[in-house]
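Remarks on the overall topology
Chain by chain, the residues run as shown.
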Amino acid sequence: MKVNGLDTLINEWYEKHEAELDAYMKDIWAHPELGLNTKHAAEASLAFAKTHGFPDALICRAGEGLEENTENPNAVIAEFGSGKPVIGIVGELDALPGLGNKDVPGKDPIEGPGHGCGHNLIAGAAMGAACALKYAMEKEGIKGTLRLVETPGEEVGRGKALLAKDGVFSDMDMAIMWHPGSAPFSTEPQPGLCIIAGSFAFHGKTAHAAGAPWEGRSSLDAVQLMNMGVEFMREHITKDCIVHYQITNGGAAPNIVPDYASVKYFCRAANNEHVKDLYDRVVRCGEGAAHMTDTVFEPKLIFIIPYFYQNMPLHEYLNGIAQQIPDIEYTDEEYEFAKKLTENYTGKEAPAEKDKLIAPAKKDFCGMQEKSTCTDAADMSYFCPTAHIHGGGTALASPGHHWTITACSGTSIGFKAAVRAGKVLAEGALEAFGDQELIDKCWAYHKTLNIPSYDEVYNIPIEEE
Ligand SMILES: [Zn+2]
Ligand SMILES: [Zn+2]
């Protein structure tokens, strides 16, 4: 029997615990942490998991083996059941620099990082799904292994790669997760682009910039010439490629020739081959700049997000589940919040229609979708059928990585979306546990994709920054 498109026990769990789940998401929102430094979020996740059915949940540090780490943790792994299939429900914990904002419908910055990508909601969707699922599995005597993985460092492209090294995804039959966003909630697959990111330093010779500039060799000149080389290269790259950079060190003062300067690059392209080629060309621009300025070039490849292999049968299956679950009912106050936020951000009058303020879930399923951003959920797709469903939880006008998303992620606009998405994940996993045919179908599709081995893709040395 089902209630609201859900197994009665999953529905019951959410009815009882939604308020606590909201508090967990708000706690992570109020303590935004960057990259691999998600200690508070990991601790909050451990506490929630332990209270809600996972007394043996593990707090650990990604990439350091699955050892308990209470000193400097950044991830949580919780498991229930045993044997096959192994279904992973995956969350994310990290925030973005400089995007702190109050949970109000306007720009009201809180200094420091903020959840401008809504990962506190991803954490909550996964956590709620896992706890509700465990509750149902235990009572219904369902066989198989459920594994909740709360991951750090998505925004620095490293979290899931490090956990992959720890073997967290190796035995999974399915990995599923949800990411919020201003587009409507959708189960359509989006491969996105791949990334290779580099951190490039130049070492020159310092000197008084007026007194003896001929003695100096400027590393900042080298950074600028490297960037110039890349700017000219843009005309000669394929349309799928996107390159962007940030000068991370430009010297200390105008009157000192800098002996050290650095720049960080993200190179994006549609597949693993294109992105490697693009990265190599960017490196050659750096080598050329070093020659021109008589400086020493020090390139470091800091992370990779490989091609994300989409599993169509898994996405279609989750679409079937999602269509049964009623869409979110937002209140007039919530629409008013979205309206004010939209007007404050755009500087224009917001549309009057509610569905133009916060998008309802998508009803149709149109197959593979294009996207230019990416996610380290890609790493999981080298191990098992993986689905990264997406959208909802913020005002439709919000651009990505933005204070408007920070604002919504701290309110019921975000929390309600995480709860509904969590229900899709929980119900999807619950029915999959009893459906070997589905698991086989997803694996059969996975095998047709000719996915290279993970080691082959990561056959490039990655260096810590
Ligand atoms: Zn992001
Ligand atoms: Zn994100």
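Residues numbered from 1 in each chain as written. Chains lettered and ligands numbered in written order. Predicted model: local features only at pLDDT ≥ 70, side-chain atom pairs only at ≥ 80, totals over all residues. Heavy atoms only, no water.

1. Description of the sheet that holds strand E14 (residues 296–305)
Test applied: For two strands to pair, DSSP has to find at least two bridges joining them. Note on conventions: DSSP H or I runs of at least 4 residues are helices, E runs of at least 2 residues are strands, and numbering of each starts at the N terminus. To get an axis, fit a line to the C-alpha atoms, keeping to the stretch in contact for a helix; angles then go from 0 to 180 degrees between the N-to-C directions. Here a residue-residue contact requires only that any non-hydrogen atoms of the pair lie within 4.5 Å.
In spatial order, the strands read E11-E13-E9-E14; together these four strands make up an open sheet with antiparallel pairing. Looking at which strands have only one partner, the edges of the open sheet turn out to be strand E11 (242–249) and E14. Neighbour to neighbour, the strand axes of the sheet diverge by 20 degrees on average, direction disregarded. Where E11 meets strand E13 (residues 260–269), seven bridges bridge the pair, whose relative direction is antiparallel. Bridging from a neighbouring strand, Asn249 pairs with Ser262 of E13. Each of strand E9 (194–203), E11, E13 and E14 touches helix H5 (residues 219–233); the most contacted strand, E13, lies at about 20 degrees to it. Sheet strands in contact with helix H6 (residues 272–293) are E9, E11, E13 and E14, and its direction is about 10 degrees off that of E9.

2. Concerning the packing of aromatic side chains
Two numbers describe a pair of aromatic rings. These are the distance of the centres and the angle of the planes. Note the cut-off: Between rings of Phe, Tyr and Trp, where Trp is taken as its six-membered ring, a pair exists when centres lie within 6.5 Å; planes separated by under 30 degrees are stacked, by over 60 edge-to-face, and by other angles tilted. When the NZ atom of lysine or the CZ atom of arginine is within 6 Å of a ring's centre and also within 35 degrees of its normal, the charge is said to sit over that ring.
By the definition in use, this model includes 15 aromatic pairs. Among the aromatic residues, those joined into a ring-pair cluster are Phe169, Tyr307, Tyr309, Tyr382, Phe383, Tyr454 and Tyr458. Between Lys26 and the ring centre of Trp29, over which it is positioned, the NZ or CZ distance is 4.9 Å. When the ring centre of Phe185 is taken as origin, the NZ or CZ atom of Arg420, which lies over that ring, is 4.9 Å away.

3. A few points about the coordination of the zinc ion (ligand 1)
Under the convention used in this document: Any N, O or S atom lying within 2.8 Å of the metal counts as a donor, with the limit raised to 3.2 Å for Na, K and Ca; because water is left out of the atom set, some sites can appear incomplete. Each residue is assigned to one of three classes by its accessible area relative to the maximum for its type, calculated with a 1.4 Å probe on protein chains only: buried under 20%, partly exposed between the two thresholds, exposed over 50%.
For the zinc ion (ligand 1), every protein donor is listed as Cys117 (SG), Glu155 (OE) and His401 (NE2), and the spread of their distances is 2.0 to 2.3 Å. When the donor residues of the zinc ion (ligand 1) are listed from N- to C-terminus, their spacing reads C-x37-E-x245-H. Here the zinc ion (ligand 1) and the zinc ion (ligand 2) are spaced 3.0 Å apart, and both take Cys117 as a donor. Taken together, the positions of Cys117 in the loop between strand E5 (86–92) and helix H3 (119–140) and Glu155 in the loop between strand E6 (144–151) and helix H4 (159–165) put the pair 38 residues apart, joining distant regions of the chain. Per residue, the accessibility class of Cys117 equals that of Glu155, and both read buried.

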